[in-house]
Amino acid sequence: MNRFANKTILVTGGASGIGLATAQAYAAEGARLVITGRDEAQLAQARATLGHDAIALRNDAASATAAKELAGELTRQGVTLDGIFINAGIAKFAPLADVDEALWDLTFNTNVKGPYFQIQALAPLLNAGASVVINGSINAHLGMPSSSVYAASKAAVISLAKTLSAELLPRGVRVNVVSPGPVETPLYGKLGLDKAALDATAAQIQAQVPLGRFGKPAEIASTVLHLSAPESAFIVGTEIIADGGMSQL
């Protein structure tokens, strides 16, 4: 298929994991890609896989100021957008007794404040009929121990998909959420746990997935593309859960 020919799509956190898999899936269907991230070497490597006209920009996903800078740079380059995948995020788990203000601020700045102001800054660049997809998480629906801050941040963006879609709908712009379950990405190496605790956590999580495995980034990417394509034009302000049945069965 070539659903995104002559379309320009922005993927935040597009240099690795779900973001990169999604950017590659868009490119395979004809899109021109803009990706953001913090690691310049990763960005350059990712850009090389996305076609000669891809744009890779270093940008801080947690900063309202950086959101304005991103919109300004795209404006300077004459770029308008047909879709955005708000993917950049952070997941650090800690029990209630160990959560401090720094962890709270880091999580909410990256997962909520950043996406909010990115959408605000980029909204003027969205073409009629554009789609915004936010990366949520099934943790927003589960009472998983040690996930309180992360889960609350993802619940917040699920709510934003409803309110922002209502505001942007008069322009023909839809906002939806894809909420993955456990997926094989580098994010699981950044939970703030040592190897033994990480392995134990991964095994415990996998045992709760009815399909008996972690998801693959490409499987989440296919859902993001569906939400971005004209075929999903009747899906507005909602959430699609892709978790191998973990929160459903």
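In this numbering scheme, every chain counts its residues from 1 along its sequence in written order. Owing to the predicted nature of the model, reporting of local features is limited to residues with pLDDT of at least 70; listing and counting of side-chain atom pairs is limited to 80 or more, with chain, interface and lining totals taken over all residues. Think of the side-chain values as coming from all heavy atoms in the structure, minus any hydrogens and water.

Applied cut-off: UniProt positions are given in the numbering used here, feature names are shortened, and annotations may be inferred rather than shown by experiment.
The protein appears in an unreviewed UniProt entry as Short-chain dehydrogenase from Dyella solisilvae. According to the UniProt record, the Sequence similarities (unreviewed entry) comment for the protein reads "Belongs to the short-chain dehydrogenases/reductases (SDR) family."

**Observations regarding the overall build of the protein**
As a reminder, the rule being used: Only DSSP runs of H or I covering at least 4 residues are called helices, and only runs of E covering at least 2 are called strands; the numbering of each starts at the N terminus. Only the C-alpha atoms count toward the radius of gyration. The rule for a globule is 2.2 Å times the residue count to the power 0.38. Only protein chains enter the area calculation, which uses a 1.4 Å probe; residues under 20% of their type maximum are buried, those over 50% are exposed, and those in between are partly exposed. Using a 1.4 Å probe, the Shrake-Rupley method yields the accessible areas, and only the shown protein chains count as cover for residues. Positive charges come from Lys and Arg alone, negative charges from Asp and Glu alone, with His and the N- and C-terminal ends not counted. The atoms used to mark charge sites are NZ of Lys, CZ of Arg, CG of Asp and CD of Glu.
The helix and strand tally for the protein stands at seven helices and seven strands. Starting at the N terminus and walking to the C terminus, you meet the elements of the protein as β-α-β-α-β-α-β-α-β-α-β-α-α-β. Over its C-alpha atoms the protein spans a radius of gyration of 17 Å, differing by no more than 12% from the 18 Å that the globule rule assigns to 249 residues. A principal-axis box enclosing the C-alpha atoms of the protein has dimensions of 50 × 35 × 35 Å. Per-residue burial for the protein yields a buried fraction of 49% across its 249 residues. Of the roughly 11,200 Å² of accessible surface on the protein, 55% is carried by carbon and sulfur atoms. Separation of charge centres in the protein, based on 18 positive and 20 negative side chains, amounts to 5 Å.

**Section: the pattern of salt bridges**
As a reminder of what qualifies: Here, a salt bridge means any side-chain nitrogen of Lys or Arg that lies within 4 Å of a carboxyl oxygen of Asp or Glu.
By the definition in use, this model includes five salt bridges. The residue E219 makes a salt bridge to R213 at a minimum N-O spacing of 2.9 Å. Through salt bridges that share partners, R3, E29 and E231 make up one connected network.

**Notes on the packing of helix α1 (residues 17–28) against helix α7 (residues 217–228)**
Basically, it comes down to this: Axes, fitted as lines to C-alpha atoms, cover a helix only where it is in contact. Angles between the N-to-C directions of the axes lie from 0 to 180 degrees. Note on angle classes: values under 35 degrees are labelled roughly parallel, values over 145 roughly antiparallel, values of 65 to 115 roughly perpendicular, and the remainder oblique. Each crossing gets its handedness from the near helix: less than a right angle anticlockwise from the far helix is left-handed, clockwise is right-handed. Here, residues are in contact when the closest pair of their heavy atoms is within 4.5 Å. Each residue receives one of three labels: charged for Asp, Glu, Lys and Arg, nonpolar for Ala, Val, Leu, Ile, Met, Phe, Trp, Tyr, Cys and Pro, and polar for the others, Gly being one of them.
Between α1 and α7, the least distance of the axes is 8 Å, while the angle of their chain directions is 55 degrees. Here α1 is positioned oblique relative to α7, judged by the angle of their axes. For the pair α1 and α7, the crossing hand works out as right-handed. Note on element contacts: α7 touches α1 through P217, A218, I220, A221, V224, L225 and S228, opposite G17, I18, A21, T22, A25 and Y26. A breakdown of the residues in the contact of α1 with α7 according to their chemical character gives 10 nonpolar, three polar and no charged.

**Some remarks on the layout of surface pockets**
We count it as follows: The distinction between a cavity and a pocket rests on a 1 Å grid over the protein atoms alone: a 1.4 Å probe fits inside a cavity but cannot get out, while a pocket stays open yet meets protein on both sides within 12 Å along at least five of seven lines, and a residue with an atom within 4 Å of a point counts as lining. Grid points are joined across faces, edges and corners, and a volume is the space filled by probe spheres set on the points.
There is about 230 Å³ of room inside the second largest pocket. Lining the second largest pocket are 14 residues, and of these F93, M144, P145, T201 and Q204 sit closest to its centre. Tallied by class, the residues present in the lining of the second largest pocket amount to nine nonpolar, five polar and no charged.

**Focus on the nonpolar core**
Note the cut-off: What we call a nonpolar core is a set of buried Ala, Val, Leu, Ile, Met, Phe, Trp, Tyr and Cys residues that are connected through their side-chain atoms within 4.5 Å.
By size, the foremost hydrophobic cluster in this structure holds 33 residues, and its most contacted members are L74, L81, I84, L122, V132 and I134. Contributions of two or more residues to this core are made by β3 (55–58), α3 (64–76), β4 (81–86), α4 (101–122), β5 (126–135), α5 (148–168) and β6 (174–180). Looking at this core, the element that brings in the most residues is α5, giving seven residues. Beyond its immediate sequence surroundings of up to four residues, L74 is in contact with V34, L57, V79, L81, L122 and L125. Core analysis: the next-biggest nonpolar cluster, separate from the first, contains 24 residues, A15, L33, L50 and V224 among them.

**Examining the sheet that holds β3**
How we decide: Note on pairing: two strands pair once DSSP finds at least 2 bridges between them.
Pairing within the open sheet is parallel, and its seven strands lie in the order β3-β2-β1-β4-β5-β6-β7. Of all the strands in the sheet, the pair left with one neighbour each is β3 and β7 (239–242). Averaged over neighbouring strand pairs, the angle between their axes works out to 15 degrees when direction is ignored. Taken strand by strand, helix α2 (residues 40–48) contacts β2 (32–37) and β3, and its axis lies near 170 degrees from that of β3. Against the sheet, α5 touches β5, β6 and β7, its axis set at about 160 degrees to β6.

**Thoughts on unusual backbone geometry**
Despite not being glycine, N6 shows a phi value in the positive range, around 65 degrees. Within the secondary structure, N6 is located in the segment before β1 (8–11). With a relative accessible area of 79%, N6 lands in the exposed category. A positive phi angle is found at S146, which is not glycine, with a value near 75 degrees. Position of S146 relative to the elements: it lies in the loop between β5 and α5. The exposure class assigned to S146 is partly exposed, which follows from its relative accessible area of 30%.

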